[in-house]
Amino acid sequence: MNVDLIIYNVGQLVTCASNGFAKKGAAMQDVGLIANGAVAVKDGVIVAVGNSDDILREYKTENLIDARQKVVCPAFVECHTHIVFAGDRINEFELRIKGATYLEIMEAGGGIVSTMKHTREANLEELVQQSRKRLDQLLKLGVTTCEVKTGYGLSTKSELKMLEAIISLQEIHSIDLIPTFLAAHAVPPEFKDNPDDYVNLICEEMLPKVKQTIQDSGLRTQNCFADVFCEKNAFNLEQSKKVLLAAKNLGFKLKAHVDEFTNLGGAQMAIELGAVSIDHLDTISDEEIELLAASETIGVITPTVNFNFGSTEFADARKMIDKNCAIALSTDFNPGSAPCPSLPNAMAIACRYQKLLPSEALSAATVNAAVAVGLGEKVGSIEVGKQADILILDAKDYRQLAYEFGGNCIQTIIKNGKIAVEN
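Everything numeric in this text was worked out from a predicted model, so none of it was measured.

Scanning the protein chain from N- to C-terminus turns up 16 helices and 16 strands. A compact globule built from 423 residues should have a C-alpha radius of gyration of about 22 Å, and the protein chain, at 21 Å, falls within 12% of that. Its C-alpha atoms give the protein chain principal-axis dimensions of roughly 70 × 45 × 40 Å. Classification of the 423 residues of the protein chain by burial places 61% in the buried group. By sequence separation, contacts in the protein chain at least 24 residues apart represent 74% of the contacts at least 6 residues apart. Accessible area of the protein chain: about 16300 Å², with a carbon and sulfur share of 49%. Between the mean site of the 40 positive side-chain charges and the mean site of the 55 negative ones, the protein chain shows a separation of 3 Å.

Taken across its six residues, strand β10 (residues 253–258) has five buried, putting it largely inside the fold. Looking at chain direction, strand β9 (residues 225–230) and β10 are connected through four bridges and run parallel. If you follow C230 over to β10, its bridge partner there is V258. A crossover connection joins β10 to the parallel strand β11 (residues 277–280) through helix α9 (residues 266–272); in handedness this β-α-β unit is right-handed.

Counted by the stated rule, this structure contains five aromatic pairs. An angle of 45 degrees between the planes, with centres 5.4 Å apart, marks the rings of F191 and Y198 as tilted. A single burial state applies to F191 and to Y198, both of which are buried. Three or more aromatic residues joined by ring pairs make a cluster, and in this case those are F191, Y198 and F235. The ring of F85 is capped by R134, whose NZ or CZ atom sits 3.5 Å from the centre of that ring. Cation over ring: K255 sits above F225, and NZ or CZ is 4.9 Å from the ring centre.

To continue, consider the pattern of salt bridges. Tallied over the full model, the rule gives 14 salt bridges. Measuring nitrogen to oxygen at the nearest pair gives 3.4 Å for the salt bridge that ties K70 to D394. Of this pair, K70 sits in the loop between β4 (64–66) and β5 (71–74) while D394 sits in the loop between β14 (390–393) and α16 (400–403), and the two are 324 residues apart along the sequence.

Over its 23 residues, helix α7 (residues 195–217) extends 30 Å from the first C-alpha to the last, a length consistent with the 33 Å expected when each residue adds 1.5 Å. Roughly 40 degrees is the biggest bend found in α7, and it falls at M206, with proline P208 one to four residues downstream. Within the span of α7, buried status applies to Y198, V199, I202, C203, M206, L207, V210, T213, I214 and S217. As for α7, its buried residues are in contact with α6 (156–172), β8 (176–184), β9 and α8 (237–249). Looking one or two places after α7, you find G218, whose phi comes out positive at around 75 degrees.

The sheet built from eight strands is open, its strands ordered β6-β7-β8-β9-β10-β11-β12-β13 with parallel pairing. Single-partner strands in this sheet number two, and they are β6 (76–78) and β13 (327–329). Going across the sheet, the axis of each strand differs from the next one's by a mean of 25 degrees, ignoring polarity.

What follows deals with the pairing of strand β16 (residues 418–422). Consecutive residues of a regular strand have side chains that alternate between opposite faces of the sheet. Sheet topology note: the strand β15 (residues 410–415)/β16 ladder contains four bridges and is antiparallel. Bridge pairing links I414 to I419 in β16. Counted along the chain from β15 to the antiparallel partner β16, the turn is two residues long, and its residue N416 has a positive phi close to 55 degrees.

Turning next to empty space enclosed by the protein. Rolled over the atoms, a probe sized like a water molecule indicates the empty space that remains. For the structure on display, the rule yields two cavities of 30 Å³ or more. Roughly 100 Å³ of volume is contained in the largest cavity. Forming the walls of the largest cavity are 13 residues, and the residues nearest its centre are H82, Y102, H185, N334 and S337. The residue makeup of the lining of the largest cavity, split by class, is four nonpolar, six polar and three charged. Roughly 60 Å³ of volume is contained in the second largest cavity. If you go around the second largest cavity, the residues you meet are P344, Q400, L401, E404, F405, G407, N408, C409 and I410.

Conventions we followed
- Residues numbered from 1 in each chain as written.
- Predicted model: local features only at pLDDT ≥ 70, side-chain atom pairs only at ≥ 80, totals over all residues.
- Heavy atoms only, no water.
- Helix = DSSP H or I, 4+ residues; strand = E, 2+ residues; numbered from the N terminus.
- Rg over C-alpha atoms; globule rule 2.2 N^0.38 Å.
- Buried < 20%, exposed > 50% of the residue type's maximum accessible area, 1.4 Å probe, protein only.
- Contact = heavy atoms within 4.5 Å.
- Areas by Shrake-Rupley, 256 points an atom, 1.4 Å probe, with all protein chains shown as cover.
- Lys, Arg positive; Asp, Glu negative; His and termini not counted.
- Charge placed at Lys NZ, Arg CZ, Asp CG, Glu CD.
- Pairing = 2+ DSSP bridges.
- Right-handed = clockwise from strand over helix to strand, strands pointing away.
- Phe/Tyr/Trp six-rings, centres within 6.5 Å; stacked < 30°, edge-to-face > 60°.
- Lys NZ or Arg CZ within 6 Å of the ring centre and 35° of its normal.
- Salt bridge = Lys/Arg side-chain N within 4 Å of Asp/Glu carboxyl O.
- Expected span 1.5 Å × (residues − 1).
- Bend = angle between axes of the 7 residues up to and from the residue.
- Axes fitted to C-alpha atoms, helices over the stretch in contact; angles between N-to-C directions.
- 1 Å grid on protein atoms, 1.4 Å probe; cavity = no way out; pocket = protein on both sides within 12 Å on 5 of 7 lines; lining within 4 Å.
- Points joined across faces, edges and corners; volume = space filled by probe spheres on them.
- Nonpolar A, V, L, I, M, F, W, Y, C, P; charged D, E, K, R; others polar.

Put into structure tokens, the structure is as follows:
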């Protein structure tokens, strides 16, 4: 059979195979290693995975890549980002070094509201240009599928502008983007004294307009999520539930920021509503961990946030995995709490502070992250029928992704069966 591409002579072919499902608990350690492996690709889709001798005998192509006994693994799926924004928060970085907490900075008018001001002032072209550079960074670091949230506009006009930026980026960038509507990120200053009115605006005006914009967009994925920041000084449990219920009734898939600083019961609420993922989980209770394990919801950890805050307290991902939860991993790339584009660095931190094994960290950044963005049947593993989004590492052992930090051992990024980047 003639194909478009064969990658062969792979020392470690790390498939992360899962048949479209998330890996739970102990299964996260099984990364599906094949020695002397090979992958055949046709029309951007993987058509065969196996031993090099077998693949080369059964398939023919003029486009051969000799991996030279290096590692080949799935490209990363970044399942939680805020990369569309304007401005920066460098001044807050210094304030935190001096001892100010995230919540204190928010109460003083900084944080999300600070980025809101810059984002509202930026035009669409400026947002696209700035965010495109961030996507370029992610691509060089191995990400080929990326969830992107709104949430720095906090008005109908500005939230739709952010959504238009995401749609424009999808048209010009090779990374597949999944939009998430997060107007319930913070209460804007004009609604400071009546936050319930802002919640009503989200439910009654913003959500229907976002749905229509997505339907008209022609995005490569029609997946669209709605999210809420259920947290002290953001949205309480009742407000958060109202937003998610309104979104669910309009056909949005659900995500939720929960338990980052305080446990308001958001994890249980979101799981019961069928959320695809719940994210952060630093203060999740033992009872909610049991609920998470018994559900199909993915728990997303964001250790780069804690690292950025200079904290030594992290979400207890080890306990969650041992209790049979499905855990995904994200940088939470954003201007305030996690200005980090590197999933390998997130893996390195998770292994050291949250006691994930390198195999678990890789599963969390690939196959489980894919399920967390509703694309478990399309990306996140090297399996027949999956999109050919593949990394070749300048390494002999896949564990180097988490063992080494601060660099980039990714040599080649293949997107839809074609080389997108050669580092």
